[in-house]
Amino acid sequence: MRQEENNRIIADENVAKLLRALPRVDSPGDFEAGVRARIARGAGNAGSASWLFSLRFALPVLLVAMISFAAVGVFLTRPDESASVAPAPTAAPTAVPEITEARPASTAFAPSTDDDRPPTVVARNTAVQAVSRTERLAAARRDVAPAPKGLSRKASIQPPGTFQYRKKTSRPRRRLTCGNS
Amino acid sequence: MALDNVGNQFTEVSVPERDLSDHALIEATKKGDESAFGQIIARYRNPITNYLFRFLNDYEEAVDLAQETFVRVYFAIDRYHTGFAFSTYIYRIATNLAISELRKRKRRSLFSLTGLFQADGDEGAEFQPVDTKPLPDRNLIDDERERVIAKAIAALPPKYRLPIILRDVEGKSYEEIAVILELGLGTTKSRISRARGLLKEKLKHYF
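## A few points about the overall build of chain A
Counting its secondary structure elements, chain A contains five helices and zero strands. Taken over 181 residues, chain A has a buried fraction of 8%. The long-range share in chain A, meaning contacts at least 24 apart out of those at least 6 apart in sequence, stands at 74%.

This is the structure in structure tokens:
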């Protein structure tokens, strides 16, 4: 064991001796002039180089920032389904709630006044509004019984107590609403 | 004549620049003394060139990188701290440049069509065993031996090549090598030992 260790040390020494015996290489005579020329060139280009160097970092950072802003913008303007259910007293009444309110024919509670009625917020996104209106119309048509004699189908789906019969006049037909009007 | 800290007049004694320490030369360079930087170049140009030549096995490339090393030192001289030796600092810069150069070579060979059919000059260099037949001329023998040893060193992986060159060619201490290569002392010693073991296999005809 000790002999092996000694042999290894001797072999390592031999390798070291071989490497130490290698002739040393010197630099050329114009070495310093070359360094000075490079320094002069480097000092001349320092301004543009630093500008380019900063651009190298600024461009990716700008790109990432733009993507982040776009992502945040998309996230904030995304139509939120829960928002249409959440109460919001300032919501303007539209044609959609009148159909929604027609359903309570089968429900236990039917609001009699405007105050009893839960306020409904309609999403401002018109695309979403259009879809939900179509769906609600279809659902209302399925649920509501046949229109009584003398009343249009549309009038028959009004919530109880809100319908007012009107004679036909020459004025353009006004849309019936269940809101505060 | 100049004034010292307490206002006494004294005569500045000019010390020859070649006798100044590295740190003193650096301080003088920071103050704009170009000849002090010239003295730094004169002190380190040959060791750095030799070190890079043994690492890259290419003289032109070694000189080019040695010059670049001094340019880097010059432009970063304000950031140099005197906490550790200047020789360690300059060898570290040279080492980083040499490693970058090896990576560039690797990329070049990767993207060149000829590189697809050729072995990598550094990593996969085929080591040719020494021809043991006697040669007529002593100089030729020496040249041949030198060539074979240089090739054997160049065939080592860089992580073994760097420490053994610093240790056995440049004569640095283990502690200095550990600082230059940013390695632990134990890792440095084991890499040097491993490098010697690999060289021993390749150069056994010379023992």
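After that view of the structure, there is still more to cover.
## Description of the packing of helix H1 (residues 2-20) of chain A against helix H9 (residues 185-202) of chain B
Packing of H1(A) against H9(B) leaves a shortest axis separation of 9 Å and a crossing angle of 80 degrees. Classified by the interaxial angle, the pair formed by H1(A) and H9(B) is roughly perpendicular. In this structure, H1(A) uses A:Ala11, A:Asp12 and A:Val15 to contact H9(B), whose residues at the interface are B:Arg196, B:Leu199 and B:Lys200. Split into classes, the residues belonging to the contact of H1(A) with H9(B) amount to three nonpolar, no polar and three charged.

## Remarks on the nonpolar core
Residue and element names in this part refer to chain B. Formed by 46 residues in total, the largest nonpolar core has its most connected members in Leu52, Ala94 and Ile165. The greatest single-element share of this core, amounting to nine residues, is contributed by helix H2 (residues 34-56). Taken domain by domain, this core gets at least three of its residues from each of domain 1 (1-121) and domain 2 (127-207). The residues contacting Ala94, other than those within four sequence positions of it, are Ile48, Tyr51, Leu52, Leu65, Ala66 and Thr69.

## Examining the packing of helix H7 (residues 158-169) of chain B against helix H8 (residues 174-181) of chain B
Residues and elements named next belong to chain B. Between H7 and H8, the shortest axis-to-axis distance is 10 Å and the interhelical angle comes to 140 degrees. Every pair of crossing elements has a handedness; the one defined by H7 and H8 is right-handed. Between H7 and H8, the contacting residues are Leu162, Pro163, Leu166 and Arg167 on the first element and Ile177, Ile180 and Leu181 on the second. Class assignment for the residues of the contact of H7 with H8 results in six nonpolar, no polar and one charged.

## Description of the interface of chain A and chain B
On the chain B side, the residues contacting the 22 residues of chain A number 25 residues. If you list the elements that add at least two residues to the side of chain A that touches chain B, you get H1 and helix H2 (31-76) of chain A. Ranked by residues supplied to the side of chain A that touches chain B, first place goes to H1(A) with eight residues. Taken together, the residues that form the side of chain A that touches chain B break down as twelve nonpolar, four polar and six charged.

Parameters at a glance
Residues numbered from 1 in each chain as written. Chains lettered and ligands numbered in written order. Predicted model: local features only at pLDDT ≥ 70, side-chain atom pairs only at ≥ 80, totals over all residues. Helix = DSSP H or I, 4+ residues; strand = E, 2+ residues; numbered from the N terminus. Buried ≥ 20, exposed ≤ 12 C-beta atoms within 10 Å, placed from the backbone. Contact = placed C-beta atoms within 7 Å. Axes fitted to C-alpha atoms, helices over the stretch in contact; angles between N-to-C directions. Parallel < 35°, antiparallel > 145°, perpendicular 65-115°, else oblique. Nonpolar A, V, L, I, M, F, W, Y, C, P; charged D, E, K, R; others polar. Core = buried A, V, L, I, M, F, W, Y, C linked by C-beta atoms within 7 Å. Domains from an automatic or database assignment. Left-handed = near helix turned anticlockwise from the far one by under 90°.

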